[in-house]
Amino acid sequence: ATTSAATAAQSQEEAITIRVAREITPTVVSVSRQGGSGSGVIVNRDGVVVTNAHVVGNAKTVEVGLADGRTLRGEVLGRDQSIDVAVVRVQAQNLPAAPVGDSDRLEVGQSAIAIGNPLGLERTVTTGVISAVNRNPRGVGLDGLIQTDAAISPGNSGGPLVDSRGR
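Residues numbered from 1 in each chain as written. Predicted model: local features only at pLDDT ≥ 70, side-chain atom pairs only at ≥ 80, totals over all residues. Heavy atoms only, no water.

A. Expanded view of the pattern of salt bridges. For the structure shown, the criterion picks out three salt bridges. When the shortest N-O distance is used, the salt bridge between Glu-23 and Arg-19 registers 3.3 Å. With Glu-23 and Arg-19 both in helix 2 (residues 12-24) and four residues apart, the pair spans about one turn of that helix. The class of Arg-19 is partly exposed, set by a relative accessible area of 35%. When the shortest N-O distance is used, the salt bridge between Arg-167 and Asp-163 registers 2.7 Å. (Salt bridge = Lys/Arg side-chain N within 4 Å of Asp/Glu carboxyl O. Helix = DSSP H or I, 4+ residues; strand = E, 2+ residues; numbered from the N terminus. Buried < 20%, exposed > 50% of the residue type's maximum accessible area, 1.4 Å probe, protein only.)

B. The side chain of Asn-117, seen in detail. Position of Asn-117 relative to the elements: it lies in the loop between strand 7 (111-116) and strand 8 (124-135). For Asn-117, a relative accessible area of 6% gives the class buried. At a separation of 2.9 Å, a polar atom in the side chain of Asn-117 contacts the main-chain carbonyl oxygen of Val-29. Apart from residues lying up to four places away in sequence, Asn-117 is in contact with Val-28, Val-29, Ser-30, Gly-38, Ser-39, Glu-122, Arg-123, Gly-155 and Asn-156. (Polar contact = N/O pair within 3.5 Å; in protein donor to acceptor, adjacent residues only side chain to side chain. Contact = heavy atoms within 4.5 Å.)

C. Region of interest: the sheet that holds strand 8. Here four strands make up an open sheet; going across it, the order is 9-8-7-10 and the pairing antiparallel. The open sheet has two edge strands, strand 9 (145-148) and strand 10 (161-162), and neither has a second partner. Here strand 7 pairs with strand 10 via two bridges, running antiparallel. Within strand 10, the residue paired with Ala-114 across the bridge is Leu-161. Relative to strand 7, helix 2 is tilted by about 35 degrees, and along the sheet it contacts strand 7, strand 8 and strand 10. (Pairing = 2+ DSSP bridges. Axes fitted to C-alpha atoms, helices over the stretch in contact; angles between N-to-C directions.)

D. Quick peek at the environment of Asp-149. Positionally, Asp-149 belongs in the loop between strand 9 and strand 10. On the accessibility criterion, Asp-149 (49% relative accessible area) is partly exposed. C-alpha of Asp-149 to C-alpha of Val-129: the two residues are 20 residues apart in sequence and 6.0 Å apart in space. Look past the residues within four positions of Asp-149 in its chain and what remains in contact with it is Gly-128, Val-129 and Ser-131. Separated by 2.7 Å, the side chain of Asp-149 and the backbone nitrogen of Val-129 make a polar contact.

E. Structural view of the layout of surface pockets. Its boundaries defined by the atoms lining it, the largest pocket holds a volume of some 1,500 Å³. Forming the boundary of the largest pocket are 45 residues, of which Ser-103, Ile-146, Gly-159, Pro-160 and Leu-161 lie nearest the centre. Those elements that provide at least two residues to the lining of the largest pocket are strand 2 (36-44), strand 3 (48-51), strand 7, strand 8, strand 9 and strand 10. With four residues, strand 7 is the single largest residue contributor to the lining of the largest pocket. (1 Å grid on protein atoms, 1.4 Å probe; cavity = no way out; pocket = protein on both sides within 12 Å on 5 of 7 lines; lining within 4 Å. Points joined across faces, edges and corners; volume = space filled by probe spheres on them.)

Written as structure tokens, this is what we have:
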């Protein structure tokens, strides 16, 4: 099918998901270390990557695979195991960066788009909704969590969960 014919057949929701995936996918990276891997997202054009703390583990450096095919050494600048967040910096400039949203403004029922590198596959997109906000599951040790029904497979950890505006 031609691009215009395919576009005409898309619902408004599909068109939004496709637009967001095209905009955000270049900011999604793979993050790997000895004994583990996951995803991350570039949040600063000068090489700042956010991922999960369990993705980087106790490593001081990790390999970061960019969407353009380059693999760069990333320095783990910090991690907070209690909220499962880590910050990594790669030595590169003018990288595509995802806009950061305000999770306090999320509403239940809003569209959710998860992008990551599950099961060794690159830049996979899944969709769903925000199922709940400010979740405090017992035994997890985290509070204020966002719950979504978007499929999150092993390897998606650390990748972005964005709204319909790509934030």
